[in-house]
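# Descriptive structure summary
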Amino acid sequence: MSDLYLWTSKMPRSKDGKTRRKLCPETLSEAVKEARNGCSLRKVAEKYEIPKSTIFKYLRMNKDKDLDRNNIDILRNDVKKVFNDDEEKQLEEYFEKAAYLHMGLNVKQVRELAYQFAVMKQKQNIPNSWHQHKMAGVGWLRYYRQRHSHLSLRKPEATSLARASSFNRPNVSKFFDNLQKVIEKHQFTPENIYNLDETGICTVHNPRKSTGSKENKTAR
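Residues numbered from 1 in each chain as written. Predicted model: local features only at pLDDT ≥ 70, side-chain atom pairs only at ≥ 80, totals over all residues. Heavy atoms only, no water.

In terms of helices and strands, the protein chain carries nine helices and zero strands. Within the protein chain, buried positions represent 22% of all 220 residues. Residue pairs in contact within the protein chain that sit at least 24 positions apart in sequence constitute 60% of those at least 6 positions apart. In the structure as shown, the protein chain presents an accessible area of about 18,300 Å², 52% of it carried by carbon and sulfur atoms. (Helix = DSSP H or I, 4+ residues; strand = E, 2+ residues; numbered from the N terminus. Buried < 20%, exposed > 50% of the residue type's maximum accessible area, 1.4 Å probe, protein only. Contact = heavy atoms within 4.5 Å. Areas by Shrake-Rupley, 256 points an atom, 1.4 Å probe, with all protein chains shown as cover.)

And the structure:
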């Protein structure tokens, strides 16, 4: 959570699975110093295992600086986030509570909520693309999930409306009343009672396609 990122509409997305090796300021300073003293970029790049283009870029950036103090300017790809750590923690807790209450948010709803939260907090660094689409960017969500790796996307189990509405107090009470009557009638003992798992058995009817008139929009 300490890493900082920036998402703007002009910034290209990073490739999945690709990470850049962080440059050591002291090593980079020595490489730029040797290149300034006349050593070829190729030899310096091979010695310090730094791309020639990188050395040339920093050599041009620091052409007027004193490198004896190792005070070379480093370009930072990690800049400020939209939310601070506490605000991201609030979002995280909300997502977890919504999922616990069986009201989990999908990807679009998460992005919309993040934008609304940023507007409510009157954040000054909201990207223009957020205002344009009224939701946070795809890049923000990807980096947010990287910083909060225990959050994941889950697909809810499909449940028919009849099954969900039938799970109520009267039906459950009737089930146990019938179970008690059967046990008392046949004198079942605990070792004669089995719990059958319904895994692999679909309780939702899946009808096949039927032939009918085109005038009827719904198959019967």
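With that settled, consider the side chain of R147. Along the chain, R147 turns up in helix α7 (residues 138-147). Look at R147 and you get buried, because its relative accessible area is 11%. A polar contact of 2.6 Å, which involves the side chain of R147, links it to the side chain of E88. (Polar contact = N/O pair within 3.5 Å; in protein donor to acceptor, adjacent residues only side chain to side chain.)

Take the packing of helix α1 (residues 25-36) against helix α3 (residues 52-61) next. Closest axis-to-axis distance for the α1/α3 pair is 9 Å, and the angle between their directions is 80 degrees. Compared by their axis directions, α1 and α3 come out roughly perpendicular. Counting all contacts with α1, which are made through L28, A31, V32, A35 and R36, the residues of α3 involved are I55, Y58 and L59. Among the residues forming the contact of α1 with α3, the class breakdown is seven nonpolar, no polar and one charged. (Axes fitted to C-alpha atoms, helices over the stretch in contact; angles between N-to-C directions. Parallel < 35°, antiparallel > 145°, perpendicular 65-115°, else oblique. Nonpolar A, V, L, I, M, F, W, Y, C, P; charged D, E, K, R; others polar.)

On to the pattern of salt bridges. Counting across every chain of the model gives six salt bridges. Note that K47 is salt-bridged to E34, the shortest N-O span being 2.9 Å. Here K47 is found in helix α2 (residues 41-48), whereas its partner E34 is found in helix α1, with 13 residues between them in sequence. Of the charged contacts, one joins R42 and E46 as a salt bridge, the two residues approaching to 3.4 Å between their closest N and O atoms. Taken together, the residues span about one helical turn, with R42 and E46 both in helix α2 at a distance of four residues. (Salt bridge = Lys/Arg side-chain N within 4 Å of Asp/Glu carboxyl O.)

In this section: a nonpolar patch on the surface. On the surface, F167, V172, F175, F176 and L179 cluster together into a nonpolar patch covering about 520 Å² of accessible area. Mapped onto the elements of the fold, L179 is located in helix α9 (residues 169-186). Relative accessible area serves as the criterion here: at 33%, L179 is assigned to the partly exposed category. (Patch = residues over 30% accessible without salt bridge, like charges linked within 9 Å, V, L, I, M, F, W, Y side chains within 5 Å.)

A word on the packing of aromatic side chains. With the rule as written, the count across this model stands at seven aromatic pairs. Judged by centre distance (6.0 Å) and plane angle (70 degrees), the rings of F83 and W140 are edge-to-face. Of this pair, F83 sits in the loop between α3 and α4 (85-100) while W140 sits in helix α7, placing them 57 residues apart in sequence. Note on accessibility: F83 and W140 belong to one class, buried. On the numbers, 5.9 Å between centres and 80 degrees between planes, the contact of W130 with W140 is edge-to-face. Within this pair, whereas W130 is found in helix α6 (residues 128-133), its partner W140 is found in helix α7, the two being separated by ten residues in sequence. Assigned by exposure class, W130 and W140 land together as buried. An aromatic cluster is built from F83, F95, F117, W130, W140 and Y144, whose rings are joined through pairwise contacts. (Phe/Tyr/Trp six-rings, centres within 6.5 Å; stacked < 30°, edge-to-face > 60°.)

Another aspect to go through is the nonpolar core. Most often, soluble globular proteins have nonpolar side chains that are buried together. Membership of the largest hydrophobic core comes to 17 residues, with the highest contact counts inside it found for F83, L91, F95, A118, W130, W140 and Y144. Every element with two or more residues in this core is listed here: α4, α5 (107-120) and α7. Apart from residues no more than four positions distant in its own chain, Y144 is found in contact with E88, L91, E92, F95 and L151. Counting residues in hydrophobic clusters, the runner-up holds ten residues, among them V32, V44, I55 and Y58. (Core = buried A, V, L, I, M, F, W, Y, C linked by side-chain atoms within 4.5 Å.)

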